[in-house]
Amino acid sequence: MDNQAVNQSQSRNVNHAGTLVIVAGLVLLPFILGQLGRTGEFWIWVTTEMIITGLFAMSLNLILGFGGMVSFGHAAFFGVGAYTVALLMKKAGVPLFLALLAAPVTAAIAAAIIGWFCVRLIGLYFAILTLAFSQLLYMIVFQWYTFTGGDDGIHGIPRPEFLGPTSYYLLCLAIFLVCFLLMRMIVNSAFGLSIRTIRENMERAKFIGINVRRYQWINFIIAGAFAGLAGGLLCELNRFAQTEFLHWSKSAEPILGSLVGGMYSLAGPAVGSAVLMFLKIILQQIHRSMVEVWAIVLCSILVVVVLFAPGGLASLYEKLFRKSDS
Amino acid sequence: MTKEYLLFMLINGLSEGMLLFIIASGLSLVFGVLRVINFAHGSLYMIGAFVAYSVSTLLTTGSLMSFLVLLLVVPPIIAVIGFVLEVTLFRRVYREEHLLQLLLTYALVLILDDVVRVVWGGDPRNVARPDLLAGSVDIMGLALPTYNVFILCVGPVVAVGLWLLLYRTRSGNMIRAAVSFPDTLGTLGVNVSRVMTATFMLGCWLAGLGGVLVVSLASIDLGIGMQKIIECFAVVVIGGLGSVGGALLGSLIIGTGVTFFQLPFGRWALVFPYLMMAVVLIVRPWGLFGRPER
């Protein structure tokens, strides 16, 4: 027993050390890349976007992996966050940090309204309704030319003087880490455990007195808020907001990332979507036309994952590992 | 706004609804038997439309013959694609949890849509209507586009055909039995998985038929699959998943509703299906004709 405890604390120490090394590596990365000139700058930009999409994927996974609710409309909140930042900075001249604070707030409001309807339904119907609402929002943004710029989007969002590529990378990384810790707190809290209980057995959760709908609703709002923040960050990185941010194919990205990285862990989706993005960029570098077939390749992988390794690549690894063990 | 104008709108709305019904009934039928909602149904419809375009380039434009050839050739092609998908993918997830089924068909949407993009590109396409259906007909002193009236007639034919198939033939009995008592059907010695494959192919055939009909109605592009699948969702949600009669009612509501909402709201009428869907899902989640599940 004692031995086990010691082992556990040792492995936890190793874990902590590993996390520290990874974080230190991430902090130092832009400075190393900065030495490479223009290619380095490109890669700083890419890694920044990886961090942002990682945050987006993790936010979805709060409802997908931990909540067990398949949402096909998560891009709605990503887009709301992005357009919040774009509109506030471009049209109202609000400084970046205030706009970035507003993004999760507006996204949470949108999630509260949409989620109120959606959590009344389960499974299939939930998925359909989230998709429908996100398409609705997409169409509104697309049609409301005078406010959102419609098809053209909103371009030329100002960037504060002091924010170069490297410092913006560090800003995103800091926000990502804070969000990661927040999400870890949420997932491990009583609330997070209740959410997981609901995922495992909704009937039982009801019996032990959990207000299932309210818990799912709150979870939906939290996930929406984080997605909004990610959207705001991407908007400032690209310095434009466009309807693509709300498109249903944008909702697919975090789902794919979560599946590849494993949706029953917190960091898995972030790793998964970073890996996917890295692959995409590499393919792009090899040949431009590869991007054309990217989604086909990616989704074929997804189909294989769904059919043979529902827990993501991590579980596939585990499966193989365990098999060789026994 | 005269009475004639309203009638005109009604005919247009109903023909939109009939087109929608042809596609949505396939989705509903497949769900009823397979218990899998096929997100890729809209993509199959889109493929049907683009295949119809490609086949039409091989034929003489505007002749009735080539239109009939399209109607005869394209839907079976989509059914064959459906056969391949069912046997290789769908069959594996019937007994899995909903989550995996959803993700699988969703991945399929992304794959198929990209295949269409790579093969046909993003330009809008359309096929000239056959001369016989190109003009307009006089109904009660109104000049109505013949093609819309034609679709308005095809819809009921499909509806009656489906009804006859489901309620008056042995295969139809099996399909309905597979909806209600798949296990009993199996113990009676019927090859249930063959019934499922056949139903899936029928659903895809209907999607293909919708694709052929739409390509002469309006120009098609890469967005039509997603647009139609969401309209289909609205239809089957309103009518009840798995109910063909409900799909007919839902289609007519959506088709005429969108058309009539255009009068006061203009382009914003596109919001109508979503509103209807949200309302029905909240008030009666299993639809007007469906049965509550679980």
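Conventions and cut-offs
Residues numbered from 1 in each chain as written. Chains lettered and ligands numbered in written order. Predicted model: local features only at pLDDT ≥ 70, side-chain atom pairs only at ≥ 80, totals over all residues. Helix = DSSP H or I, 4+ residues; strand = E, 2+ residues; numbered from the N terminus. Buried ≥ 20, exposed ≤ 12 C-beta atoms within 10 Å, placed from the backbone. Contact = placed C-beta atoms within 7 Å. Rg over C-alpha atoms; globule rule 2.2 N^0.38 Å. Nonpolar A, V, L, I, M, F, W, Y, C, P; charged D, E, K, R; others polar. Pairing = 2+ DSSP bridges. Axes fitted to C-alpha atoms, helices over the stretch in contact; angles between N-to-C directions. Left-handed = near helix turned anticlockwise from the far one by under 90°. Parallel < 35°, antiparallel > 145°, perpendicular 65-115°, else oblique. pLDDT = per-residue confidence, 0-100. Domains from an automatic or database assignment.

Looking at this model, I keep getting lost on the overall build of chain B. Mind explaining?
Across its full length, chain B carries 12 helices and two strands. For chain B, the sequential pattern of α-helices and β-strands runs α-α-α-α-α-β-β-α-α-α-α-α-α-α. Here the C-alpha coordinates of chain B stretch approximately 60 × 45 × 35 Å along the principal axes. Here chain B, with 294 residues, has 50% of them falling under the buried criterion. The long-range share in chain B, meaning contacts at least 24 apart out of those at least 6 apart in sequence, stands at 77%.

Can you walk me through the overall build of chain A in this structure?
Summing up its helical and strand segments, chain A has 14 helices and two strands in all. Scaling as 2.2 N^0.38, a compact globule of 326 residues should have a C-alpha radius of gyration of about 20 Å, and chain A matches this with 20 Å. On the principal axes, the C-alpha backbone points of chain A span a range of 60 × 50 × 40 Å. Put simply, chain A has 326 residues, and 44% of those count as buried. A separation of at least 24 residues holds for 75% of the contacts in chain A among residues at least 6 apart in sequence.

Just to check I follow, could you spell out the interface of chain B and chain A for this structure?
Think of interface size as the accessible area that goes away when the parts come together; that is how it is often given. Taken together, the contact between chain B and chain A spans 29 residues of the former and 33 residues of the latter. Counting only elements with at least two residues in the side of chain B that touches chain A, the list comes to helix 3 (64-93), helix 4 (98-120), helix 10 (224-239) and helix 12 (272-283) of chain B. No other element matches the 13 residues that helix 4 of chain B contributes to the side of chain B that touches chain A. Tallied by class, residues from the side of chain B that touches chain A come to 25 nonpolar, one polar and three charged.

Hey, could you run me through unusual backbone geometry in this one?
A positive phi angle is found at Arg239(A), which is not glycine, with a value near 60 degrees. As for its placement among the helices and strands, Arg239(A) is situated in the loop between helix 10 (212-238) and strand 2 (240-241). The exposure class assigned to Arg239(A) is partly exposed, which follows from the 15 C-beta atoms found within 10 Å. For Arg35(B), which is not glycine, the phi dihedral falls at a positive 60 degrees. Structurally, Arg35(B) can be placed in the loop between helix 1 (3-34) and helix 2 (41-58).

Would you take a moment to explain the pairing of strand 2 (residues 142-145) of chain B for this structure?
Residues and elements named next belong to chain B. In this sheet, strand 2 lies alongside strand 1 (residues 136-139) in antiparallel orientation, the contact comprising four bridges. Across the sheet, the residue bridging to Ser136 is Pro145, located in strand 2. Once strand 1 ends, the chain turns through two residues before running back antiparallel as strand 2, passing Met140 with a positive phi of about 55 degrees.

Whenever I open this one, the packing of helix 4 (residues 96-118) of chain A against helix 5 (residues 123-143) of chain A confuses me. Can you help?
Packed helix pairs are characterised by how far apart their axes lie and by the angle those axes make with each other. Residues and elements named next belong to chain A. Two elements in contact, helix 4 and helix 5, have axes separated by 10 Å at closest approach and are oriented at 145 degrees. Considering only the axes of helix 4 and helix 5, their crossing is right-handed. Counted together, Ile114, Phe117 and Cys118 of helix 4 and Phe126, Leu129, Thr130 and Phe133 of helix 5 form the full contact between these two elements. Considered class by class, the residues forming the contact of helix 4 with helix 5 number six nonpolar, one polar and no charged.

Hey, could you run me through the packing of helix 1 of chain B against helix 9 (residues 192-217) of chain B in this one?
Residue and element names in this part refer to chain B. Put simply, helix 1 and helix 9 touch, their axes get as near as 8 Å, and they point 165 degrees apart. Classified by the angle between their axes, helix 1 and helix 9 sit roughly antiparallel to one another. Every pair of crossing elements has a handedness; the one defined by helix 1 and helix 9 is left-handed. Side by side, helix 1 and helix 9 meet where Leu19, Ile22, Ile23, Ser25, Gly26, Leu27, Leu29, Val30, Val33 and Leu34 of the first sit next to Met196, Thr199, Phe200, Leu202, Gly203, Cys204, Leu206, Ala207, Leu209, Gly210, Leu213 and Val214 of the second.

Looking at this structure, how should I read the confidence of the model for chain A?
Scored by pLDDT, chain A comes out at a mean of 84, with 90% of its residues at no less than 70. Model confidence for chain A, summarised as mean pLDDT per element, is weakest for helix 14 (residues 313-325) of chain A at 56 and strongest for helix 10 of chain A at 94.

Teacher, can you tell me more about the domain arrangement of chain A here?
Residue and element names in this part refer to chain A. Here chain A is partitioned into domain 1 (1-35) and domain 2 (43-251). Relative to domain 2, the C-alpha centre of domain 1 lies at a distance of 28 Å. Its residues assigned to classes, the side of domain 1 that touches domain 2 comprises six nonpolar, one polar and no charged.

Mind showing me how you'd approach the confidence of the model for chain B here?
Parts of the prediction with low pLDDT should not have their coordinates interpreted in detail. Residues and elements named next belong to chain B. Averaged over all residues, the pLDDT of chain B equals 86, while 98% of them reach at least 70. Confidence, read as mean pLDDT per element, is least for strand 1 in chain B (80) and greatest for helix 2 (94). Per the prediction output, this complex has pTM 0.83; the corresponding ipTM is 0.78.

Mind showing me how you'd approach the environment of Val115(B) here?
All names here are of chain B. Examined against the element boundaries, Val115 turns out to sit in helix 4. Given 16 C-beta atoms within 10 Å, Val115 falls into the partly exposed group. Put simply, Val115 and Ser43 are 72 residues apart on the chain and 10.0 Å apart in space, counted from C-alpha to C-alpha.

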